[in-house]
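# Observations on the three-dimensional arrangement
Spelled out from the first residue to the last, the chains are:
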Amino acid sequence: MKTLKYTLLFIFGLFLVNSCLVDDETKYDLNDDGYNLATFETLTANLSCTADGSEYTFPLKVKLVGPTKDLVTSTISVTATADPSSTAVENVHYKIENPTITLTPDNNFLGLLVVTVLTEGNTPPMDGTPEFDTYKSPILVLKLAATGDQNVTATGKLGNFTLALTPPNPYAGDYDVELLYFHPTAGGTYPTDPYGGVRALEKTLVAVTGRKCETWFAVWDTDLCWITIKSDNSVEFEVWDEWGYDVKLGDPKDPTKISHYDPETGKIYLYYYYEGTGGPRIFWETFTPKN
């Protein structure tokens, strides 16, 4: 009886070992001889542009990947179509310039699908309005189909591309900047003799949204900050997280220094400070548009 029991266990053990070997060999065969895939290089991206009535083109990279890609020698035809889950409407929000592209060995099976974003009539609400809080950018969802080689198919994953339109930003552009920097220990005297004298700089405000702009922070060209002009012409100001101090608006020694935008002159008055050893570092900046 014991002999029969051990014999059955031995046979069952052989079956498990053999099964594992078969599974490993099957896995290897599938990886070695499986399908190669035509896919977007990036499956999720923002197609960002200003809704100023212009048309903007975006090349989306399509490539061939897979276990036997190097053995493919024929050209591959790849066609892109919009998935029904898209909220972007063709010929209203976008158009695809070349729905079918060819991937060739000479180009290492790389190709560009060109999508044009249409902005005429598609201006989103200005930030700071009730409409802005509920606005959702159109999303173009693309699927691919591939032909040309029996071992090549299209990825089943969809490409999700957000048409990240922003309204024209009236504050973006080039400025002459007068900057006064008061440092409590480095030199000069508040408020008549700024450290380093009155500095004449040139800065560019780059639009982020309809009201928010990005530029260099203070006297440094390695740190970023963001200026937002609100609907009441007041100013919000933030500095990127890597700056090691808590920057606050205003002047701790003069409460009349209030950051604001002057719609008549187009000037931006920016006052801010941060605490450091010996006392606050205080900045006064006046942005004058170049044209």
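Located above this text is the structure these notes cover.
Everything in this summary refers to the structure shown in the same document. Counting restarts for each chain, with residues numbered from 1 along the sequence as it is written. Where local features are concerned, this predicted model is filtered to residues with pLDDT of at least 70; where side-chain atom pairs are given and counted, the filter is 80 or more; whole-chain, interface and lining totals use all residues. The side-chain values count all of the structure's non-hydrogen atoms but skip hydrogen atoms and water molecules.

A pair of strands is labelled paired if DSSP reports no fewer than 2 bridges between them. Here a helix means four or more residues in a row that DSSP labels H or I, a strand means two or more in a row labelled E, and each is numbered from the N terminus. Taken in spatial order, the five strands line up as S2-S10-S8-S4-S6 in an open sheet, and their pairing is mixed. Only two strands of the sheet have a single partner each, and these edge strands are strand S2 (44-50) and strand S6 (100-103). Taken pair by pair, the neighbouring strands of this sheet meet at an average axis angle of 30 degrees, ignoring direction. For strand S4 (residues 76-82) and strand S8 (residues 139-147), the ladder comprises six bridges, and the chain directions are antiparallel. Paired with serine 77 across the bridge in S8 is threonine 147. Fitted lines through C-alpha atoms serve as axes, helices being fitted only where they are in contact, and the angles separating the N-to-C directions of these axes extend from 0 to 180 degrees.

Attention shifts here to unusual backbone geometry. Across the chain, the bulk of peptide bonds are trans and the bulk of non-glycine residues have phi less than zero. Of note, the bond from tyrosine 190 into proline 191 is cis; its omega dihedral lies within 30 degrees of zero at 0 degrees. Within the secondary structure, proline 191 is located in the loop between strand S11 (173-182) and strand S12 (199-207). At asparagine 233, a position not held by glycine, the phi torsion is positive, near 70 degrees. With respect to the element layout, asparagine 233 can be found in the loop between strand S14 (224-229) and strand S15 (235-239).

Turning our attention to the environment of alanine 154. Following the sequence through the fold, alanine 154 ends up in strand S9 (residues 152-154). Placed 116 residues apart in sequence, alanine 154 and alanine 38 show a C-alpha to C-alpha distance of 4.7 Å.

Turning our eyes to something else, we now look at the sheet that holds S9. An order of S5-S7-S3-S1-S9 is seen for the five strands of this open sheet, with the pairing classed as mixed. Every interior strand has two partners, whereas the edge strands, strand S5 (94-96) and S9, have only one. For this sheet the average axis-to-axis angle between neighbouring strands, irrespective of direction, equals 25 degrees. One ladder, built from three bridges, connects S5 with strand S7 (residues 110-118); its direction is antiparallel. Among the inter-strand pairings, tyrosine 94 is bridged to a residue of S7, identified as valine 117.

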